[in-house]
Amino acid sequence: VEFLLEVKAMPFAERALSHHLLDSLGGPSADYHISLARLLLQKHMMEDAEASLQEALQFDHQNPDAWAMMGHVNYLLGDTDTAKHCYERTLAFVANASEMHSIYLRLASIYLQLSMFPEAKTTFLLACKRSPSCVSWLGVGIACYRLGELSESEDALSEANILNNTDPEVWAYLSMVCLRTGRQLEAEQAYKYALKLNLPDEDRS
């Protein structure tokens, strides 16, 4: 089932879950309901996925994967308060959920939205430690910029740039760092590059 869900072979995953439910050694369990929720999430059936996760938590209230998935469902539904609570609960467990990187990134982005910049910085750094990417280092850069830690921000944005030098948001933040550190020419060059890479209008302010 895990493999079929991973490759998004939904009809086969559905069949495998049905077999598991009917199997004498199978039946409903926390893992079954989590897998069913993943399938429902792939079908964009959010409310059904949430109901399945509630069932999973009835079987095992301390299951980090169930709480992580519940966070993902609420994040996708735009309920950031509930998503934040679920992700924080996931991180509080001793055992890790199976997909920690996406949990760190989504929780850190919620912290950014809520102007919780120290928490955002720490959580993005955890994502960088686990699996560095342009997105995770950009997050560190933004959080540091908002905290006024301009040197750290520039270092993080440079790391993001090494991993992907075609992200307009990275160049836009580099431009703002240069501007605030009195490097007018570098700021202009970085901003021009951001525009060349199609910086979205809402980011131009």
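Owing to the predicted nature of the structure, the values given are computational and were not obtained by experimental measurement.

Caption draft 1: How the structure looks around the confidence of the model for the protein chain. Considering every residue of the protein chain, the mean pLDDT works out to 83; 83% of them sit at 70 or more. Looking across the protein chain, the model is least confident in helix 1 (residues 2-6), with a mean pLDDT of 57, and most confident in helix 9 (residues 134-146), with 95.

Caption draft 2: View of helix 12 (residues 184-196). Here helix 12 spans 18 Å end to end across 13 residues, near enough to the 18 Å set by a 1.5 Å rise per residue. If you check which residues of helix 12 are buried, you get Ala187, Ala190 and Ala194. Seen end-on, helix 12 carries its buried residues on one side only, within an arc spanning 70 degrees. When the buried face of helix 12 is taken as reference, the exposed residues oriented beyond 90 degrees from it are Leu185, Gln189, Lys192 and Lys196. Contacts from the buried residues of helix 12 go to helix 11 (168-180).

Caption draft 3: Here's a closer look at the pattern of salt bridges. A complete count under the given rule lists 5 salt bridges for this structure. In this structure, the salt-bridge partner of Lys84 is Glu88, at a minimum N-O distance of 3.4 Å. With a gap of 4 residues between them, Lys84 and Glu88 both fall in helix 6 (residues 80-92), about one helical turn apart. On the basis of relative accessibility, which here comes to 19%, the residue Lys84 falls in the buried class. Lys121 is the salt-bridge partner of Glu149, the closest N and O atoms lying 2.9 Å from each other. With a gap of 28 residues between them, Glu149 in the loop between helix 9 and helix 10 (150-163) and Lys121 in helix 8 (residues 117-130) connect regions that are remote in the sequence. A residue is classified by how much of its surface remains accessible, and Lys121, at 15% relative accessible area, is buried. Members of the salt-bridge network, linked through shared partners, are Lys121, Glu149 and Glu152.

Caption draft 4: Inspection of the nonpolar core at higher detail. Ranked by internal contacts, the top residues of the largest apolar core, which has 35 residues, are Leu112, Phe124, Leu138, Val140, Leu157 and Val170. Where this core is concerned, the elements lending two or more residues are helix 6, helix 7 (100-113), helix 8, helix 9, helix 10 and helix 11. If you tally residues by element for this core, the top one is helix 7, at 9 residues. Those residues within four positions of Phe124 in sequence are excluded, and the remaining contacts are Leu105, Ala108, Ser109, Leu112, Val135, Ser136, Gly139 and Val140. One finds Ala37, Met46, Trp67 and Phe93 within the second-largest nonpolar core, a separate group that totals 16 residues.

Caption draft 5: Broad picture of the packing of aromatic side chains. Across all of its chains, the model carries 2 aromatic pairs by this definition. When the ring of Tyr145 is compared with that of Tyr173, the centres are 5.7 Å apart and the planes differ by 80 degrees; the resulting orientation is edge-to-face. With a gap of 28 residues between them, Tyr145 in helix 9 and Tyr173 in helix 11 connect regions that are remote in the sequence. Note on accessibility: Tyr145 and Tyr173 belong to one class, buried. Ring geometry for Trp171 versus Tyr193: centroids 4.6 Å apart, planes at 55 degrees, classification tilted. One end of the pair, Trp171, is in helix 11; the other, Tyr193, is in helix 12, and 22 residues separate them in sequence. Residue placement shows Arg180 over the ring face of Tyr145; its charged tip is 5.0 Å from the ring centre.

Caption draft 6: Broad picture of unusual backbone geometry. A positive phi angle is found at Ser115, which is not glycine, with a value near 60 degrees. You can see Ser115 is positioned in the loop between helix 7 and helix 8. In this structure Ser115 comes out as partly exposed when scored by relative accessible area, which is 47%.

Conventions and cut-offs
- Residues numbered from 1 in each chain as written.
- Predicted model: local features only at pLDDT ≥ 70, side-chain atom pairs only at ≥ 80, totals over all residues.
- Heavy atoms only, no water.
- pLDDT = per-residue confidence, 0-100.
- Helix = DSSP H or I, 4+ residues; strand = E, 2+ residues; numbered from the N terminus.
- Expected span 1.5 Å × (residues − 1).
- Buried < 20%, exposed > 50% of the residue type's maximum accessible area, 1.4 Å probe, protein only.
- Arc of directions from axis to C-beta.
- Contact = heavy atoms within 4.5 Å.
- Salt bridge = Lys/Arg side-chain N within 4 Å of Asp/Glu carboxyl O.
- Core = buried A, V, L, I, M, F, W, Y, C linked by side-chain atoms within 4.5 Å.
- Phe/Tyr/Trp six-rings, centres within 6.5 Å; stacked < 30°, edge-to-face > 60°.
- Lys NZ or Arg CZ within 6 Å of the ring centre and 35° of its normal.

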